[in-house]
Amino acid sequence: MSALVIAALAYLALALILVYAIDNLVALFFPDAHSAISVHFPTFEKMMALSRKYYRK
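Reading the values: rules and limits
Residues numbered from 1 in each chain as written. Predicted model: local features only at pLDDT ≥ 70, side-chain atom pairs only at ≥ 80, totals over all residues. Heavy atoms only, no water. Helix = DSSP H or I, 4+ residues; strand = E, 2+ residues; numbered from the N terminus. Buried < 20%, exposed > 50% of the residue type's maximum accessible area, 1.4 Å probe, protein only. Areas by Shrake-Rupley, 256 points an atom, 1.4 Å probe, with all protein chains shown as cover. Expected span 1.5 Å × (residues − 1). Patch = residues over 30% accessible without salt bridge, like charges linked within 9 Å, V, L, I, M, F, W, Y side chains within 5 Å. Salt bridge = Lys/Arg side-chain N within 4 Å of Asp/Glu carboxyl O.

Student: Explanation requested: the overall build of the protein chain in the structure shown.
Tutor: For the protein chain, the helix and strand inventory stands at two helices and zero strands. Classification of the 57 residues of the protein chain by burial places 0% in the buried group. Of the roughly 5,900 Å² of accessible surface on the protein chain, a fraction of 74% belongs to carbon and sulfur atoms.

Below, the structure is given as C-alpha coordinates:
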(Lines give C-alpha, C1' and ligand atoms only; values in the text may rest on other atoms or scores of the structure.)
Protein backbone atom coordinates (compact mmCIF):
# COMPACT_ATOMS: atom_id res chain seq x y z
CA MET A 1 0.00 0.00 0.00
CA SER A 2 2.79 2.42 0.86
CA ALA A 3 4.49 1.65 -2.46
CA LEU A 4 1.31 2.74 -4.22
CA VAL A 5 1.28 6.04 -2.33
CA ILE A 6 4.95 6.65 -3.11
CA ALA A 7 4.36 5.84 -6.78
CA ALA A 8 1.38 8.22 -6.92
CA LEU A 9 3.36 11.04 -5.30
CA ALA A 10 6.29 10.45 -7.65
CA TYR A 11 3.91 10.52 -10.63
CA LEU A 12 2.38 13.81 -9.47
CA ALA A 13 5.81 15.33 -8.86
CA LEU A 14 6.97 14.28 -12.32
CA ALA A 15 3.83 15.73 -13.90
CA LEU A 16 4.31 19.06 -12.09
CA ILE A 17 7.96 19.23 -13.12
CA LEU A 18 7.00 18.49 -16.72
CA VAL A 19 4.31 21.19 -16.76
CA TYR A 20 6.74 23.69 -15.22
CA ALA A 21 9.44 22.87 -17.79
CA ILE A 22 7.04 23.17 -20.72
CA ASP A 23 5.71 26.46 -19.35
CA ASN A 24 9.24 27.86 -19.18
CA LEU A 25 10.01 26.69 -22.71
CA VAL A 26 6.87 28.34 -24.05
CA ALA A 27 7.76 31.53 -22.18
CA LEU A 28 11.16 31.55 -23.91
CA PHE A 29 9.61 31.47 -27.37
CA PHE A 30 6.57 33.64 -26.66
CA PRO A 31 7.50 36.30 -24.12
CA ASP A 32 4.47 37.98 -22.60
CA ALA A 33 4.53 41.62 -21.58
CA HIS A 34 1.58 41.14 -19.22
CA SER A 35 1.26 38.41 -16.66
CA ALA A 36 -1.61 35.94 -16.86
CA ILE A 37 -2.86 36.94 -13.43
CA SER A 38 -3.27 40.68 -13.53
CA VAL A 39 -4.15 42.20 -10.16
CA HIS A 40 -4.44 45.94 -10.39
CA PHE A 41 -2.79 47.53 -7.39
CA PRO A 42 -5.62 49.98 -6.57
CA THR A 43 -8.09 47.10 -6.52
CA PHE A 44 -5.74 45.03 -4.39
CA GLU A 45 -5.28 47.92 -1.97
CA LYS A 46 -9.07 48.34 -1.65
CA MET A 47 -9.48 44.63 -0.93
CA MET A 48 -6.79 44.76 1.74
CA ALA A 49 -8.35 47.84 3.36
CA LEU A 50 -11.77 46.16 3.48
CA SER A 51 -10.21 43.03 4.88
CA ARG A 52 -8.56 45.01 7.68
CA LYS A 53 -11.77 46.91 8.33
CA TYR A 54 -13.89 43.77 8.78
CA TYR A 55 -11.13 41.96 10.69
CA ARG A 56 -11.18 44.64 13.40
CA LYS A 57 -14.93 44.26 14.00
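Student: Help me out: how do you make sense of helix 1 (residues 2–29) in this one?
Tutor: Note that an α-helix has 3.6 residues per turn; residues three or four places apart therefore point the same way. Here helix 1 spans 41 Å end to end across 28 residues, near enough to the 40 Å set by a 1.5 Å rise per residue. In terms of burial, helix 1 is largely open, as just zero of its 28 residues are buried.

Student: Even after reading the chapter, I still don't get a nonpolar patch on the surface, so can you show me in this structure?
Tutor: Taken together, the side chains of L18, I22, L25, V26, L28, F29 and F30 define a hydrophobic patch exposed on the protein surface, amounting to about 800 Å² of accessible area. Following the sequence through the fold, I22 ends up in helix 1.

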